[in-house]
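Here is how the chains run, residue by residue.
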Amino acid sequence: MATPDGPDATPGFDTSQPTIARVYDALLGGKDNFAADREGAATYLKYVPDAGRCAIENRAALVKGVQYLARTAGIDQFLDIGSGLPTQKNTHQAAQEVNPRAKVVYVDVDPIVLAHGRALLATDDSTIVVTADLRDPQGILDNKEITDHLDFTRPIALMIVGIHMHFHDDEKPDEWVRTLMNALPSGSYLFITDFVDTGEPLQKAMEQAGLESLGNGWIRTPERIEQHFLGLPLVPPGLDFLARWFPEDPDAEVPAAEDLQPYQRILMAGIAKKN
Ligand code: SAM
């Protein structure tokens, strides 16, 4: 079979530059990436040899969060922004395992996500994929495909998982999220993961890898990440490293933060509820 950058390369995509979605796919061991993306992934691995494991733990946290939202919180509508390329277990699969009627909208700025997502979802009426930009939240709220699919009078889980790091604070990413949350009714949730800065060299190395390969990928203090939640109360266990974060079992015995591997202290997750 031809590789994506071989003779069957999808027309219409600039494959000469790495994109976040495709570099992440390469780190996860996926096949929907091109030579420039694999170079980007190699840069990550040079600085953070366990960068692939970070990506895998982020996907595991995504599944844990969706299971909590679908099962414990009873959410049946998901707006997953910056969803990424389809991988092993995606939001709609995690949600529909709990509630087969759960509806999911995937939004990503990279059109390759739409191209690959459509094929995956051809037989699933509960899930759609839309190309749109988080930086234009009103455009997302005005998108008829989205408003036809989700009922904005009922609670929705907004997922901004693994995206904030790609925007500098100067761009005010929290304001885009605020516009979206303001449009959701009470009972809705906000689910975020982000790169953290607690002063460790490997966290800084992750930032360096992102800046070198993609031109973005900033780390933030836990206090700054908490601000992403716009003052909404976090559900237990609050904001924590992915390997310590079990929203369905917040009292679970978890390793002390200092006993985690350094690569396990690069990302944190949290879910907040709009009351
Ligand atoms: N959410 C998935 C996860 O955590 O496994 C994928 C995370 S991946 C690191 C970041 C995704 O955000 C990429 O697919 C990228 O294309 C997408 N993205 C970046 N900027 C975006 C924007 N302005 N609007 C929507 N999606 C964006």
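As a starting point, this report considers the structure included with it. What you see is a predicted model; the values in this text were computed from it and never measured.

Let's shift gears to helix 1 (residues 20-27). Among the eight residues of helix 1, six are classified as buried, and the element is accordingly described as predominantly covered. Listed as buried for helix 1 are Ala21, Arg22, Val23, Asp25, Ala26 and Leu27. Of the surrounding secondary structure, the elements contacted by the buried residues of helix 1 are helix 2 (35-47), helix 3 (51-72) and helix 5 (111-121).

Turning next to the side chain of arginine 265. Along the chain, the position of arginine 265 falls in the loop between strand 6 (240-241) and strand 7 (267-273). Looking at arginine 265, its side chain comes within polar contact range of the main-chain oxygen of alanine 257, at 2.9 Å. Discounting chain neighbours no more than four positions away, the residues touching arginine 265 are Val196, Glu200, Gln203, Phe241, Ala257, Glu258, Asp259 and Leu260.

Attention now goes to the packing of helix 2 against helix 9 (residues 201-213). Interaxial distance between helix 2 and helix 9 falls to 8 Å at its minimum, and their mutual angle equals 160°. In terms of orientation, helix 2 lies roughly antiparallel with respect to helix 9. You can see that helix 2 and helix 9 cross each other, and the crossing is right-handed. Every residue of helix 9 that contacts helix 2 at Gly40, Thr43, Tyr44, Lys46 and Tyr47 is listed here: Leu202, Ala205, Met206, Gln208, Ala209, Gly210, Glu212 and Ser213.

The next point concerns the packing of aromatic side chains. Each aromatic ring pair is described using two quantities: the centre-to-centre distance and the angle formed by the ring planes. In total, this model carries three aromatic pairs according to the counting rule given. Plain terms: the ring middles of tyrosine 68 and tyrosine 189 are 6.3 Å apart, the flat faces sit at 85° to each other, and that makes the pair edge-to-face. On the criterion of sequence distance, the pair formed by tyrosine 68 in helix 3 and tyrosine 189 in strand 5 (residues 189-195) is long-range, its members being 121 residues apart. Judged on exposure class, the residue tyrosine 68 and its partner tyrosine 189 are both buried. Ring centres 4.9 Å apart and planes at 85° place the aromatic pair phenylalanine 167 and tryptophan 176 in the edge-to-face group. We note that phenylalanine 167, like tryptophan 176, is buried.

Here we take up the pattern of salt bridges. One side chain can pair with another of opposite charge once the charged atoms of both are near each other. Under the defined criterion, the tally for this structure stands at 16 salt bridges. Here aspartate 240 ties to arginine 244 by a salt bridge, and the two come within 3.0 Å at their closest N and O atoms. Linked by salt bridges that have partners in common, Asp169, Asp174, Asp194, Arg220 and Arg224 make up one network.

Rules and cut-offs
- Residues numbered from 1 in each chain as written.
- Predicted model: local features only at pLDDT ≥ 70, side-chain atom pairs only at ≥ 80, totals over all residues.
- Heavy atoms only, no water.
- Buried < 20%, exposed > 50% of the residue type's maximum accessible area, 1.4 Å probe, protein only.
- Helix = DSSP H or I, 4+ residues; strand = E, 2+ residues; numbered from the N terminus.
- Contact = heavy atoms within 4.5 Å.
- Polar contact = N/O pair within 3.5 Å; in protein donor to acceptor, adjacent residues only side chain to side chain.
- Axes fitted to C-alpha atoms, helices over the stretch in contact; angles between N-to-C directions.
- Parallel < 35°, antiparallel > 145°, perpendicular 65-115°, else oblique.
- Left-handed = near helix turned anticlockwise from the far one by under 90°.
- Phe/Tyr/Trp six-rings, centres within 6.5 Å; stacked < 30°, edge-to-face > 60°.
- Salt bridge = Lys/Arg side-chain N within 4 Å of Asp/Glu carboxyl O.

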